[in-house]
Amino acid sequence: QVQLVESGGGLVQAGGSLKLSCAASGNISRVDAMGWYRQAPGKQRELVAIVTSGGITNYADSVKGRFTISRDNAKNTVYLQMNSLKPEDTAVYYCNAKMILPTTWGTSNVWGQGTQVTVSS
């Protein structure tokens, strides 16, 4: 079974830092783009940051200069370093990966279970 397992969420004061990790496991042929999304209460899920297998990154304007996405292709793991956190960063953060699976045609879009990040003022 293919899955994404996230870790690193928690409670932090404004101005603090957290680092999220997400590891893909299972019967995977290839992992393409990996990214982080977030969903705050009453709001739609939004893209935070994404990184291709070649290392090209893209960020939401609201996190540019504060968050850094990176990945370890050998471990099929993506990270999100979050600095200078603000209360408005409070949300459930979801890992996402586009994968090629040996048992499925085309690209599979896989989500993690989500990890809560709470920033207190």
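The structure this text deals with has already been given above.
Residues numbered from 1 in each chain as written. Predicted model: local features only at pLDDT ≥ 70, side-chain atom pairs only at ≥ 80, totals over all residues. Heavy atoms only, no water.

Our focus in this paragraph is the overall build of the chain. From N to C terminus, the chain includes zero helices and 11 strands. Listing the helices and strands of the chain from first to last along the sequence gives β-β-β-β-β-β-β-β-β-β-β. Since a compact globule built from 121 residues should have a radius of gyration of about 14 Å, the 14 Å found for the chain is in line with a globular shape. Reported as C-alpha extents along the three principal axes, the dimensions of the chain are approximately 45 × 25 × 20 Å. In the chain, 57% of the contacts between residues at least 6 apart in sequence involve partners at least 24 apart. Working note: accessible area of the chain is about 6400 Å², and carbon and sulfur atoms make up 49% of it. (Helix = DSSP H or I, 4+ residues; strand = E, 2+ residues; numbered from the N terminus. Rg over C-alpha atoms; globule rule 2.2 N^0.38 Å. Contact = heavy atoms within 4.5 Å. Areas by Shrake-Rupley, 256 points an atom, 1.4 Å probe, with all protein chains shown as cover.)

Moving on to the state of the cysteines. Considering all chains together, one arrives at one disulfide under this definition. Cys-22 shares a disulfide with Cys-95; S-S distance 2.1 Å. Classification of the bridge connecting Cys-22 and Cys-95 rests on its S-S torsion, roughly -85 degrees, and on that basis the disulfide is left-handed. Taken together, the residues span a long stretch of sequence, with Cys-22 in strand E3 (residues 18-25) and Cys-95 in strand E9 (residues 91-100) at a distance of 73 residues. (Disulfide = S-S within 2.5 Å.)

Turning to the layout of surface pockets, a few remarks are in order. In this model, the largest pocket occupies a volume close to 160 Å³. For the lining of the largest pocket, the per-class residue count stands at two nonpolar, three polar and four charged. (1 Å grid on protein atoms, 1.4 Å probe; cavity = no way out; pocket = protein on both sides within 12 Å on 5 of 7 lines; lining within 4 Å. Points joined across faces, edges and corners; volume = space filled by probe spheres on them. Nonpolar A, V, L, I, M, F, W, Y, C, P; charged D, E, K, R; others polar.)

Moving on, we get to the environment of Gly-10. Following the sequence through the fold, Gly-10 ends up in strand E2 (residues 10-13). Of the residues examined, Gly-10 reaches a relative accessible area of 25% and is grouped as partly exposed. Here the alpha-carbon distance between Gly-10 and Gln-116, two residues 106 residues apart in the chain, equals 6.1 Å. Dropping the residues within four chain positions of it, Gly-10 is found in contact with Leu-18, Gln-116, Val-117 and Thr-118. (Buried < 20%, exposed > 50% of the residue type's maximum accessible area, 1.4 Å probe, protein only.)

Right, let's get into the nonpolar core. Within the largest apolar cluster, 32 residues are counted, with the highest numbers of intra-cluster contacts made by Trp-36, Leu-80, Met-82, Tyr-93 and Met-99. Breaking this core down by element, the ones donating at least two residues are E3, strand E4 (30-39), strand E5 (46-51), strand E7 (67-72), strand E8 (77-82), E9 and strand E11 (115-120). It is E9 that contributes the most residues to this core, five residues altogether. (Core = buried A, V, L, I, M, F, W, Y, C linked by side-chain atoms within 4.5 Å.)

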